[in-house]
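Here's the letter readout for the chains.
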Amino acid sequence: ARVRAAVEAGRERAARLRSTPKPLPGGPEIQSYALANGAQLHVVPRPEVPVVAMRAAFRGGLLAESDASAGLSSFLSSMWLRGTAAHSTADFARATEALPAEIDGFSGRSSTGMTLETTSAKLPAALDLFCEALLEPAFDEQEIERERRETLAAIERREDRLAQRAFLLFAEKLFGAHPYSRPMLGYRECIPGFDRAALEAHQRRLIRGPNLSIAVSGQVDPDDVARRVAARPAGLEAQAGAAVQASAAPTLDGVVEAELAKGRHQAHVVIGFLGVRIDDPDRFALEVLAQLLAGQGGRLFLELRDRQSLAYSVGANNMEGVDPGWFAVSIATAPDKLERARSGLIDELQRLHDEPPDAAELERARRHLIGNFVIDRQRNAVHAAQVSLDALYGLGADASASYPADIAGVCAEDIRRAVTRIVTLDRYVEARVV
């Protein structure tokens, strides 16, 4: 009865939806709506294929956790699929498969939420299940225990994934007390404390209208989907609640080295630096720089793998966040080649200062990034992810539309500035798993 009353109340509030479409300038046309509960909705009409993707993103993730609650956001997002007030876990799975639809939870460094993919014809029914899972989770004690066992098993398996373990050690040393230092799944000692009370409290804190950005992409009528979305999240709290704030940025005063002994037949090294925020203009130069280093025609690949045979694999990546992220290079090698491989990484980082990329290198990297972006954007799920997160983080719902131009505009001077600013060879973290 309470559920039915809440649904009816939501339908009444839908009449007060401020639903006048507000197309955003530039990029693909996006229709934006402010919902009565404080949430924002952004719709990307793409009529070519009769499928729809939706993402509901809340500020949360690692930024909403403490040392004692590390992993709680990830645990919560998994519990959304483990039964609701109206459906058992098995019944919910059968209902989504019958539509057909795919519903999943996610949790990252700065956000937590849920995704949906279905056909256009089945969107109304799929939307009902989506909102039910998000807003009416059962938090059944038996299902909590099952999720606890699975999470502990995943943490155990994490110790055997040496590349992942090297990056966890790197993040721990780079970020210190900052939330980005913690693993997404949390720590083994935290998981026993994730009971129903903890989940309900975390749900109340994060799952609120003013903390929500929704994006829908696919073969839909924007006004129709806005009315449907507004009518369903009746149980979504309209008050802001406790905000998820960015934390004080970490600092790095010198070279920090850390090593974890595993005694395996591979050794992994990560060398990295404090990076930039998601709204920092230098993030595009850092993406190009990562591609310059690690693509199949990149400097690390050609020098350390092809020419010197020091690597099973090499990598370079730029991770930005609501708070500053990282820029890092990595290598997997044989234990007896570890010191040469590690020295090779340092040499290539120094070479960035001494030998800036030439025009051909720069063009290859830019073309690769833009090409992959265009390919990825063929999927509605990618549109929904980009739009929802860009809006959530304050970049603007249409921010990703300018990505090709932003990457194409990266010049040699931008690379030089980013290298000087970020690739500080007197201040970095080196993590080794051997």
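Preceding block: the structure.
This structure is a prediction, so every number in the text was calculated from the model and none was measured.

Calculation rules
- Residues numbered from 1 in each chain as written.
- Predicted model: local features only at pLDDT ≥ 70, side-chain atom pairs only at ≥ 80, totals over all residues.
- Heavy atoms only, no water.
- Pairing = 2+ DSSP bridges.
- Helix = DSSP H or I, 4+ residues; strand = E, 2+ residues; numbered from the N terminus.
- Axes fitted to C-alpha atoms, helices over the stretch in contact; angles between N-to-C directions.
- Salt bridge = Lys/Arg side-chain N within 4 Å of Asp/Glu carboxyl O.
- Buried < 20%, exposed > 50% of the residue type's maximum accessible area, 1.4 Å probe, protein only.
- Polar contact = N/O pair within 3.5 Å; in protein donor to acceptor, adjacent residues only side chain to side chain.
- Contact = heavy atoms within 4.5 Å.
- Phe/Tyr/Trp six-rings, centres within 6.5 Å; stacked < 30°, edge-to-face > 60°.
- Lys NZ or Arg CZ within 6 Å of the ring centre and 35° of its normal.
- Arc of directions from axis to C-beta.
- Core = buried A, V, L, I, M, F, W, Y, C linked by side-chain atoms within 4.5 Å.
- Parallel < 35°, antiparallel > 145°, perpendicular 65-115°, else oblique.

Topic: the sheet that holds strand β5 (residues 111-119)
Two orientations exist for strands paired in a sheet by backbone hydrogen bonds: parallel and antiparallel.
Logical step 1: The strand order β1-β2-β6-β3-β5-β4 describes an open sheet built from six strands, whose pairing is mixed. The sheet terminates laterally at β1 (31-34) and β4 (101-107), the two strands that pair on one side only. Strand-to-strand twist across the sheet, computed as the mean angle between neighbouring axes with direction ignored, equals 15 degrees.
Logical step 2: In this structure, strand β2 (residues 40-45) lies alongside strand β6 (residues 212-218), joined through six bridges in parallel fashion.

Some remarks on the environment of A86
Logical step 1: Tracing the chain through its elements places A86 in the loop between α2 (72-79) and α3 (89-98).
Logical step 2: The sequence separation of A86 and E132 amounts to 46 residues, and the corresponding C-alpha distance is 8.1 Å.

Things to note about the pattern of salt bridges
Logical step 1: Within this structure, the stated rule accounts for 32 salt bridges.
Logical step 2: Of the charged contacts in the structure, one is a salt bridge between E143 and R146, with a shortest N-O distance of 3.0 Å. Here R146 and E143 lie together in helix α5 (residues 141-158), a separation of three residues that amounts to about one turn.
Logical step 3: The partner of R432 in a salt bridge is E257, with the nearest N and O atoms 3.8 Å apart. Of this pair, R432 sits in strand β11 (residues 428-433) while E257 sits in strand β7 (residues 255-260), and the two are 175 residues apart along the sequence.
Logical step 4: R432 sits in the buried class, given a relative accessible area of 12%.

As for the side chain of H268
Logical step 1: Summarising the element assignment, H268 is placed in strand β8 (residues 267-274).
Logical step 2: A polar contact of 2.9 Å, which involves the side chain of H268, links it to the side chain of Q266.
Logical step 3: Dropping the residues within four chain positions of it, H268 is found in contact with L162, A163, A166, I331, A332, A431, R432 and V433.

A closer look at the packing of aromatic side chains
Logical step 1: Going through the model one piece at a time under the given rule, you end up with nine aromatic pairs.
Logical step 2: Ring pairs connect the aromatic residues F167, F170, F175, Y180 and W326, which therefore count as one cluster.
Logical step 3: Here R55 stacks its cationic end above the ring of F106, 4.3 Å away from the centre of that ring.

Regarding helix α7 (residues 196-206)
Logical step 1: Of all the positions in α7, only L199, H202, Q203 and L206 are classed as buried. Axial view of α7: buried residues confined to an arc of 105 degrees, hence all on one face.
Logical step 2: The inward-facing, buried residues of α7 abut β3 (51-59), α2, β5, α4 (123-135) and α5.

Describing the nonpolar core
Logical step 1: The biggest cluster of nonpolar side chains holds 76 residues, and the ones touching the most others in it are L41, F130, F170, I214 and W326.
Logical step 2: Not counting residues up to four positions away in its chain, the partners in contact with F130 are M54, A56, I103, M114, T115 and L116.
Logical step 3: With 43 residues, the next largest nonpolar core counts V269, L292, A316 and Y428 among its residues.

Remarks on the pairing of β8
Logical step 1: In terms of residue burial, β8 counts as a mostly covered element, since eight of its eight residues are buried.
Logical step 2: Bridge count between β8 and strand β10 (residues 326-333): eight bridges; the pairing is antiparallel. Bridging across to β10, A267 finds its partner in T333.
Logical step 3: Where β8 meets β11, five bridges bridge the pair, whose relative direction is antiparallel. The residue bridging G272 from the neighbouring strand is V429, located in β11.

Observations regarding the sheet that holds β11
Logical step 1: With respect to topology, five strands assemble into an open sheet ordered β7-β11-β8-β10-β9, the strand pairing being mixed. Strand pairing shows two members of the sheet lacking a second neighbour, β7 and β9 (313-319), which therefore form its edges. Averaged over all pairs of adjacent strands, the angle between their axes in this sheet comes to 15 degrees, without regard to strand direction.
Logical step 2: Its contacts with the sheet put helix α10 (residues 299-307) on β9 and β10, and the angle it makes with β9 is roughly 155 degrees.

So, the packing of helix α9 (residues 282-294) against helix α15 (residues 412-422)
Logical step 1: α15 packs onto α9 with a crossing angle of 90 degrees between their chain directions and a minimal axis gap of 9 Å. As the angle between them shows, α9 and α15 are arranged roughly perpendicular. Residues D282, A285, L286, V288, L289 and L292 of α9 form the contact with α15, whose participating residues are D414, I415, R417, A418, V419, R421 and I422.

In short, shape yes, function no, at least from these values alone.
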